[in-house]
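Topology and contacts: notes
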Amino acid sequence: MSLLRVENLSIQFGGVQAIQELDFEISEGTIHSIIGPNGAGKTTLFNLITGLYRPSAGAIYLDDAQIAGKRPHDLARMGLSRTFQNLRIMMNMTAIENVMVGRHLHLNRNLLACMLRLPMITRADKAARKRCIELMDLVGLGGAIDADASALPYGALKRLEIARALASEPRLLLLDEPAAGLNARETKEIDDVIATVARAGVTVVLVEHDMKLVMGISDHILVLDHGRKLAEGTPDAVRNNPAVVAAYLGQV
Ligand SMILES: Nc1ncnc2c1ncn2[C@@H]1O[C@H](COP(=O)(O)OP(=O)(O)OP(=O)(O)O)[C@@H](O)[C@H]1O
Ligand SMILES: [Mg+2]
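Residues numbered from 1 in each chain as written. Chains lettered and ligands numbered in written order. Predicted model: local features only at pLDDT ≥ 70, side-chain atom pairs only at ≥ 80, totals over all residues. Heavy atoms only, no water.

Before going further, it helps to spend a moment on the sheet that holds strand β6 (residues 80–82). Judged by pairing direction, the sheet is mixed, and its six strands sit side by side in the order β6-β7-β8-β3-β9-β10 without closing on themselves. Bordering the open sheet on either side are β6 and β10 (228–233), each of which pairs with just one other strand. Neighbour-to-neighbour, the strand axes of the sheet open up by a mean angle of 20 degrees, direction not taken into account. In the sheet, strand β9 (residues 220–225) pairs with β10 via five bridges, with the strands oriented antiparallel. Considered in β10, the bridge of Leu224 is made with Lys229. Contacts between helix α6 (residues 154–166) and the sheet are confined to β6 and β7 (172–176), with β7 contributing the most and set at about 155 degrees to the helix. Those strands touched by helix α7 (residues 184–199) are β3 (31–35), β7 and β8 (203–207), and its axis lies near 150 degrees from that of β8. (Pairing = 2+ DSSP bridges. Helix = DSSP H or I, 4+ residues; strand = E, 2+ residues; numbered from the N terminus. Axes fitted to C-alpha atoms, helices over the stretch in contact; angles between N-to-C directions. Contact = heavy atoms within 4.5 Å.)

Tallied over the entire structure, the rule returns 18 salt bridges. Put simply, Arg131 and Glu134 hold a salt bridge, and the shortest N to O gap is 2.8 Å. Taken together, the residues Arg131 and Glu134, both in helix α5 (residues 123–138) and three residues apart, mark about one turn of the helix. The exposure class assigned to Arg131 is partly exposed, which follows from its relative accessible area of 26%. Assessed through its relative accessible area of 35%, Glu134 is described here as partly exposed. (Salt bridge = Lys/Arg side-chain N within 4 Å of Asp/Glu carboxyl O. Buried < 20%, exposed > 50% of the residue type's maximum accessible area, 1.4 Å probe, protein only.)

Once that is clear, we can look at the coordination of the magnesium ion (ligand 2). The coordination sphere of the magnesium ion (ligand 2), as far as protein atoms go, consists of Thr43 (OG1) and Gln85 (OE1), spread over 2.0 to 2.2 Å. One end of the pair, Thr43, is in helix α1 (residues 42–49); the other, Gln85, is in the loop between β6 and α3 (95–107), with 42 residues separating them in the sequence. Overall, the relative accessible area of 24% leaves Thr43 in the partly exposed class. (Donors = N, O, S within 2.8 Å, 3.2 Å for Na, K, Ca; no water.)

Residues Met136, Leu160, Ile162, Leu173 and Ile194 are the most contacted members of the largest nonpolar core, which totals 38 residues. At the level of elements, α3, α5, α6, β7, α7, β8 and α8 (211–217) are the ones that each hand at least two residues to this core. Mapped onto the domain boundaries, this core takes at least three residues apiece from domain 1 (1–79 + 172–252) and domain 2 (88–169). Residues contacting Leu160, with those up to four places away along its chain left out, are Ile89, Ala95, Asn98, Val99, Met136, Leu141 and Leu152. Formed by 28 residues, the second largest nonpolar core is a distinct cluster that contains Ile34, Leu75, Leu80 and Leu224. (Core = buried A, V, L, I, M, F, W, Y, C linked by side-chain atoms within 4.5 Å. Domains from an automatic or database assignment.)

All right, on to the domain arrangement of the protein chain then. Partitioning the protein chain into structural domains gives domain 1 (1–79 + 172–252) and domain 2 (88–169). For domain 1 and domain 2, the distance between their C-alpha centres works out to 26 Å. Contacts between the two partners involve 17 residues from domain 1 and, on the opposite side, 11 residues from domain 2. Carbon and sulfur atoms supply 69% of the area buried between domain 1 and domain 2, which totals about 1300 Å² over both sides. Contact with domain 2 buries surface across domain 1, with Ala76, Arg77 and Val193 losing the most and accounting together for 35% of the total. Linking domain 1 with domain 2 are one salt bridge, by the criterion used here. Across the salt bridge formed by Glu189 and Arg159, the nearest N and O atoms sit 3.2 Å from each other. Where domain 1 packs against domain 2, one counts two residue pairs in polar contact (both at pLDDT 80 or more). Looking at the side of domain 1 that touches domain 2, the elements that each hand over two or more residues are α2 (72–77), β7 and α7. Take the side of domain 1 that touches domain 2: its biggest share by element is six residues, from α7. Residues of the side of domain 1 that touches domain 2, tallied by class, amount to 11 nonpolar, two polar and four charged. (Buried area = accessible area lost by both parts, 1.4 Å probe. Polar contact = N/O pair within 3.5 Å; in protein donor to acceptor, adjacent residues only side chain to side chain. Nonpolar A, V, L, I, M, F, W, Y, C, P; charged D, E, K, R; others polar.)

Here's what the structure looks like:
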């Protein structure tokens, strides 16, 4: 059974049809990429799935529960987590504090109470810190636990965002351009992190322009163009699809 199913999904902004009558499914335990030219609707689709936008029409199912229009923190509690296209790291905090925020924001209704109790580290806080350290190890940041976020290179910050997104223990992790702006070595590190996350049992949805990364790691690819599905299938099927080559791959 699919973990996520999108049916006849549409959203418009003024005259712009950002997503149009879109249908697709994501199987549990797979790495599913969404590609398409700038403005194709990829981030909008993430915003719909994670509850930032309410669709004009259509439905989104997580397992069999209709989730379109639910609030982001409810969806986080149901197992959705994401990173954003633009880095959202708090630079005045340490690396692990950023990951802890991910854990508290999603799992703890009473962040303020936690913050007021900060000097007294509770057993729950200790367990949370231990888990956050594990997640930082998983993304290759075990050596930077207490580093100031502002001291970390960009490639490390992109991996830190993934650790923060994992801190809410998602079933489905949506990554919006995790390799944007990275060099080849940093992109390989992201590639390894995504593979490790998937092996740990988290279903991954990847939006990415780096075709080498996408073609190498994906089980399934959905191609969007002007908010519509242009094609979908295995990397080989998509790579050899004439419509995809004409609309997208031919440009890069
Ligand atoms: N909140 C909004 N208000 C108005 N228009 C929007 C909004 N969000 C997205 N759009 C429009 O929807 C279309 C799809 O944008 P989106 O950001 O989803 O594209 P994308 O595929 O993520 O592109 P990129 O690869 O450049 O990140 C664009 O025309 C964009 O201007
Ligand atoms: Mg985008």
